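Letter by letter, the chains look like this.
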Amino acid sequence: MSERTKKIIFLVFFISFTLGMAYFLYYMFTHRIGSTPAESPVSTETTLGGLPKSGAGGKRPPTIPSTQGSGTLPEGQGVSEGEIAIPETQISVETGTTLLRDAVTQHVSIAPGNDQAARFYNPDDGRFYKINADGSTTPMGQKQFFNVQNVEWGKRTDQTIMQFPDGKNIYYDFTEKKQVPLPSHWQDFKFSDDDTHMVAKSVGADPENRFLIVSKPDGSEAKAVESLGENQDKVESAWAPTGQIIAYAKTGEPQSGGRQEIYLVGQNKENYRSLTVEGQGFLPNWSPTGKYVTFSVYADSSQNKPSLWVTSGEAGTIGQQRRKINLNTWADKCAWDSDTILYCGVPKDLPEFAGMDRDSYRTVPDEVYRVDLRSNISTKISTDKQVRPMQNIVISGDKTKLLFTDVAN
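Here goes a summary of the coordinates provided. (Residues numbered from 1 in each chain as written. Predicted model: local features only at pLDDT ≥ 70, side-chain atom pairs only at ≥ 80, totals over all residues. Heavy atoms only, no water.)

**A closer look at the pattern of salt bridges**
On inspection of all chains with the given rule, the structure shows 14 salt bridges. The residue Lys190 makes a salt bridge to Asp188 at a minimum N-O spacing of 3.5 Å. Residue class for Lys190 comes out partly exposed when judged on its relative accessible area of 26%. Judged by relative accessible area, which is 15%, Asp188 ranks as buried. (Salt bridge = Lys/Arg side-chain N within 4 Å of Asp/Glu carboxyl O. Buried < 20%, exposed > 50% of the residue type's maximum accessible area, 1.4 Å probe, protein only.)

Take a look at the structure:
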C-alpha cells in the first residue's frame with residue numbers, strides 16, 4: 001500500500017470520526033434540554049419610612065386547626081409505594097413528575113393557559129423555552145439573553161423582567177417582542193395578578209430617595225407608594241392575588257416569645273391590620289385567589305427549623321383561621337393546586353437551626369406532601385425513589401403533572 005493511499009484512508013477515517021462525535025454531542029445536548037420524560041402518562045396610618053425598627057420524613061401529623069395555632073389532629077392517611085392515585089388531581093410523584101435539571105432549566109414558572117406546562121430559561125444558549133403537555137420543549141423565540149441572574153414572570157402573560165449580575169434590568173414581552181431597559185436601582189419586582197402593573201423597590205443611594213413604587217411592567221407611569229428610608233432590606237414586594245397587598249414589612253414592634261409582627265402594605269396607604277407570626281424568617285405564599293396564605297417561620301418551638309402555617313390571606317381578615325401545618329419546610333417550596341390543596345417539597349432531614357441557615361441545606365433531598373386544608377390532612381405521596389432536592393415546584397395548567405427543578409444538577 002502506497003504512502004498516498006495510507007494518507008487518503010487516514011483522512012477518510014478522521015472525517016468520519018469527527019462527524020460521528022459531532023452528532024453524538026448534538027444528540028446529548030438536545031436531549032438534555034427540557035425534562036426527563038416520565039415512564040408513563042398520568043391522569044394526574046403606618047408608612048414604611050416611619051415604621052418602628054423590628055426586634056430581635058415519614059408519616060406526618062396533619063395540619064392543626066386551632067385558630068391560635070395549637071391543638072392536635074389524628075395522623076395522616078398513610079402512603080403506599082409506587083404509583084399513587086391522588087384524589088381530584090391524580091398527580092403522582094413517580095410517574096407524573098417532570099424533572100427539570102438546574103444546569104439547563106432555570107427560573108421555571110407555570111405557563112399561562114392549559115396547553116403549556118411551564119416556562120424556563122436555558123443558560124447554555126440564553127433562550128427561553130416552554131415545556132409542552134407531552135414533555136417536549138418549544139423555544140419562545142430566537143432572541144438570546146446571556147447571564148440572566150433572575151427572572152420575574154408575568155402570571156397571565158409571557159411578560160418578563162430580567163435581572164443581570166451587572167445590575168441591569170430588562171423588561172421583555174415575548175408576545176409583542178418588546179424590550180425596554182429599566183432603571184438599575186430598581187429591584188425586587190413582582191407582577192400584579194393581571195400583569196397590568198408591577199411593584200418594585202427604587203433604592204437610591206440616599207435613604208431619602210428610597211421608595212416602594214408601582215408602575216406599568218415596562219416602567220412607565222411609575223409612582224411612589226411608600227417611603228422606605230433605612231428599611232429597604234426589611235420590605236419585600238409581594239403582590240397578592242386580591243390586589244390589596246403589594247408588599248410586606250418586617251418592621252413591627254418586638255414581640256414576646258420570639259414572635260414577629262409583619263406590616264402589610266397596600267397601594268393607597270391603607271391601614272391594614274398587622275400579622276403576628278410565631279417566629280422569624282417570615283416567607284409567604286398566597287393561594288391562587290388570595291383567600292389563604294401559607295407562610296414559613298422558624299422558632300425555638302420548632303428547633304429553629306422552618307415550619308409551615310396557613311391563615312386567611314385577605315387584608316381584612318389576615319391572621320384569622322390560623323393553623324399550623326406540621327411540616328418542616330419553606331413556603332416557597334410549596335405549589336398551590338387550588339385554594340385548599342397544595343403540594344410541598346419537605347426536606348428529609350433538617351437539623352436544628354436549619355431555618356437560620358437555609359443555603360446550607362438546599363441540596364437536602366425532599367419528600368413530597370399533599371396538604372388538604374379541608375380535611376386537615378398532610379399525606380406523603382413520594383416514595384423512597386424521590387431522592388432529589390427540589391425547587392421551583394409548579395403544577396401544570398391541566399393539573400396532571402408536578403414539575404420541579406433538581407437543585408443538585
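**Quick word on the state of the cysteines**
Counted according to the given criterion, the structure contains one disulfide. Here Cys334 engages in a disulfide with Cys344; their sulfurs sit 2.1 Å apart. With the S-S bond torsion at 110°, the cross-link from Cys334 to Cys344 turns out right-handed. Residue Cys334 is found in strand S23 (residues 334-336), and its partner Cys344 is found in strand S24 (residues 341-347); the two are separated by ten residues along the sequence. Each member of the pair, Cys334 together with Cys344, is buried. (Disulfide = S-S within 2.5 Å. Helix = DSSP H or I, 4+ residues; strand = E, 2+ residues; numbered from the N terminus.)

**Brief notes about the sheet that holds strand S12 (residues 198-203)**
As summarised here, the arrangement of the four strands in space is S11-S12-S13-S14, forming an open sheet in which the pairing is antiparallel. Where the open sheet ends on each side, the last strands, each with one partner, are strand S11 (186-191) and strand S14 (223-227). The sheet shows a mean angle of 25° between the axes of neighbouring strands, direction not considered. As paired strands, S11 and S12 are joined by four bridges and run antiparallel to one another. Considered in S12, the bridge of Trp186 is made with Ser202. (Pairing = 2+ DSSP bridges. Axes fitted to C-alpha atoms, helices over the stretch in contact; angles between N-to-C directions.)

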